[in-house]
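The primary structure of each chain is shown beneath.
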Amino acid sequence: MTQPSRVAIIRGLRTPFAKSGTHYAHLSALDLGKLAVAELVERAGIDPAEVQELVFGNVIPSVKAPNIAREIILGTGLPRKIPGYTVGKACASANQAITAAADMIYRGYADTVIAGGSESLSDIPILFSKNFSEALVTASKQKSVGGKLGAFRRIRPKDLAPDAPAIAESTTGLTMGESAEKMAKENGISREAQDRFALQSHTRAAKATADGRFKDEEMTVVVPPKFEQIVETDNLIRGDTTLDALSKLRPVFDRKYGTITAGNSSPLTDGAAAVLLMSEEKAKASGFKPIGFLKSYAYAATDPFDQLLQGPVFALPVALERAGLTLKDIGVIEMHEAFAAQVLSNIQWMGSKKIAQEKLGRSEPIGDIDPEKINRTGGSIALGHPFGATGARIVTTVCNELQLTGEQYGLVTVCAAGGMGAAMVLERE
Ligand SMILES: CC(C)(COP(=O)(O)OP(=O)(O)OC[C@H]1O[C@@H](n2cnc3c(N)ncnc32)[C@H](O)[C@@H]1OP(=O)(O)O)[C@@H](O)C(=O)NCCC(=O)NCCS
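Just so it is clear, the structure is predicted and the values come from calculations on it, not from any experiment. (Residues numbered from 1 in each chain as written. Predicted model: local features only at pLDDT ≥ 70, side-chain atom pairs only at ≥ 80, totals over all residues. Heavy atoms only, no water.)

A. Summary view of the overall build of the protein chain. Check the secondary structure of the protein chain and you find 14 helices and twelve strands. Reported as C-alpha extents along the three principal axes, the dimensions of the protein chain are approximately 75 × 55 × 45 Å. For the protein chain, the proportion of its 429 residues judged to be buried stands at 55%. In the protein chain, the 48 positive side-chain charges and the 48 negative ones have mean positions that sit 6 Å from each other. (Helix = DSSP H or I, 4+ residues; strand = E, 2+ residues; numbered from the N terminus. Buried < 20%, exposed > 50% of the residue type's maximum accessible area, 1.4 Å probe, protein only. Lys, Arg positive; Asp, Glu negative; His and termini not counted. Charge placed at Lys NZ, Arg CZ, Asp CG, Glu CD.)

B. Spotlight on the nonpolar core. In this structure, Leu277 and Leu426 are the most contacted members of the largest nonpolar core, which totals 88 residues. The next biggest cluster of nonpolar side chains, apart from the first, holds 35 residues, and it includes Ile10, Ile46, Ala274 and Phe293. (Core = buried A, V, L, I, M, F, W, Y, C linked by side-chain atoms within 4.5 Å.)

C. Structural detail: a nonpolar patch on the surface. A cluster of nonpolar residues, Val222, Phe227 and Ile230, forms a patch on the protein surface that exposes about 300 Å² of accessible area. In this fold, Ile230 is placed in strand β7 (residues 230-231). (Patch = residues over 30% accessible without salt bridge, like charges linked within 9 Å, V, L, I, M, F, W, Y side chains within 5 Å. Areas by Shrake-Rupley, 256 points an atom, 1.4 Å probe, with all protein chains shown as cover. Salt bridge = Lys/Arg side-chain N within 4 Å of Asp/Glu carboxyl O.)

D. Quick look at the packing of aromatic side chains. Scanning the entire structure with this criterion turns up four aromatic pairs. Ring geometry for Phe132 and Phe152: centres 5.9 Å apart, planes at 45 degrees, overall tilted. Placement of Phe132 in helix α4 (residues 130-141) and of Phe152 in the loop between α5 (145-150) and α6 (176-187) is noted, with a sequence separation of 20 residues between them. Take Phe132: its relative accessible area is 13%, and that puts it in the buried class. What makes Phe152 partly exposed here is its relative accessible area of 27%. (Phe/Tyr/Trp six-rings, centres within 6.5 Å; stacked < 30°, edge-to-face > 60°.)

E. Quick look at the pairing of strand β5 (residues 112-119). Within β5, eight of the eight residues are buried, which leaves the element mostly enclosed by the surrounding structure. Sheet topology note: the strand β3 (residues 53-57)/β5 ladder contains five bridges and is parallel. Looking at β5, one finds that Gly57 is bridged to Gly117. (Pairing = 2+ DSSP bridges.)

F. Region of interest: helix α11 (residues 340-350). Across the eleven residues of α11, ten count as buried, placing the element largely inside the fold. Residues of α11 that are buried: Ala340, Ala341, Gln342, Val343, Leu344, Ser345, Asn346, Ile347, Trp349 and Met350.

G. Structural view of the environment of Ile330. By the secondary structure assignment, Ile330 is in the loop between α10 (311-323) and β10 (332-335). On a C-alpha basis, the gap between Ile330 and Gly410 in space is 5.6 Å, while along the polypeptide they are 80 residues apart. Leaving out residues up to four positions away in the same chain, Ile330 has contacts with Leu320, Leu325, Tyr409, Gly410, Leu411 and Val425. (Contact = heavy atoms within 4.5 Å.)

H. A look at the site of the ligand. Residues in contact with the ligand amount to 20 residues; listed here are only the nearest, Lys19, Met176, Arg238, Thr241 and Ser266. One nitrogen or oxygen atom from the side chain of Lys19 is found 2.7 Å from an oxygen atom belonging to the ligand. Arg238 places a polar side-chain atom, nitrogen or oxygen, 2.9 Å from an oxygen atom of the ligand. Notes on the ligand: free accessible area 980 Å², of which the protein chains cover 65%. Most atoms of the ligand, that is more than half of them, are within 2 Å of grid points of the largest pocket. Taken together, the residues of the shell around the ligand break down into 13 nonpolar, five polar and two charged. (Near = heavy atom within 4 Å. Polar contact = N/O pair within 3.5 Å; in protein donor to acceptor, adjacent residues only side chain to side chain. 1 Å grid on protein atoms, 1.4 Å probe; cavity = no way out; pocket = protein on both sides within 12 Å on 5 of 7 lines; lining within 4 Å. Sits in = over half its atoms within 2 Å of the grid points. Nonpolar A, V, L, I, M, F, W, Y, C, P; charged D, E, K, R; others polar.)

I. Structural view of the packing of helix α7 (residues 191-210) against α11. Viewed as axis vectors pointing N to C, α7 and α11 meet at an angle of 105 degrees, and their least axial separation amounts to 9 Å. Compared by their axis directions, α7 and α11 come out roughly perpendicular. Facing α7, whose interface residues are Ala193, Gln194 and Phe197, α11 presents Ala340, Ala341, Val343 and Leu344. Residue composition of the contact of α7 with α11, grouped by class: six nonpolar, one polar and no charged. (Axes fitted to C-alpha atoms, helices over the stretch in contact; angles between N-to-C directions. Parallel < 35°, antiparallel > 145°, perpendicular 65-115°, else oblique.)

J. Geometry of the side chain of Thr413. Structurally, Thr413 is set in strand β11 (residues 409-416). What makes Thr413 buried here is its relative accessible area of 2%.

Printed below as a string of structure tokens:
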């Protein structure tokens, strides 16, 4: 294989996103990933034998089948000769899956790869406490009934409490919500500004849905195993929400002084998304019409003890430089909305000369982003945020919006746990 000039995104597809515990309450991330990949292959009209690798993002893996990528291959009837691997980069996992797949193509090691991600926050592993797990392991090694029972001698009622994964930083101990609350306070992002941004996310997502803007990227799910329930659209969008309703919600992460509520946060969500990538040469030779091309990307990280969700500010200038572009050249911008406070904080830092000089080692700011111009079809606050899948949803949306608007360049940013950030520059034809 020769090295391609560019990596083409042939098309992208996602399941409708659903509030965790609703439509997909009984499905796993694997089930959702299989649905998205099987339908993507079908809709793209690609011969499955052409696929050379599958790379998938997943943040809360199943203890029993942690390599979800390979399980998707085996569970969708794709040829068993296709290898697959799973990546975890918190909320930027699908971005990492896509860029890893693209790198394989750039190197000429593959010309057709599926990448994406999946998450079920309805199906999280519930663990036993350390004491109880140790007692179970000790008991399993004992031969006599007395020995087995003896292993539980020191177990107290509190050891029997289930231990569920928390959306918290291991270093700071703060949850994502608490970290966003800290950012809102330090950057002076008001409750009203957050609620206005959340309202915009819902209004735009509702309009985009009504206008059929997601029809090329959203599949219908007939929910297994009974196949009685049909899910045709996202169930978290609130087209009827108002600023007044949002302003009445109580803060969740700092109940006394906080500004972050269920309304201006991304909700816990189930869903999957996938894209089909090809070398430009293969795409053209096979008659595919790509929806976009990956021009550049960058990942960066900041100190979690500073402002945890500012990673995109560090990744963005590098991705732009690698693309040979500036912010002014970009026509479509999609920023992942973990929290309204995070997006507004990212935008504030991107426009600040002080931040550029003190934190980024640059003389000039990245540039001003008009909040009105980003996320024209809504974002994760309204659509939902299945951690492992969001990056692939956003890449697909940017490509489709480039096609629709005729803009040449699109930008993706995603903040992620650990202080990380992703930025990708996409282009049309
Ligand atoms: C914020 C969070 C705790 C809220 O969870 P929740 O309490 O289950 O949320 P709900 O959907 O039940 O909403 C709570 C209330 O707000 C209301 N509400 C939520 N969004 C609303 C909106 N846009 N407009 C009006 N009301 C809204 C709900 O109707 C509900 O009201 P009720 O209690 O009268 O039924 C949860 O979504 C969360 O943890 N999000 C952050 C996830 C995260 O950290 N992600 C990582 C990002 S990188």
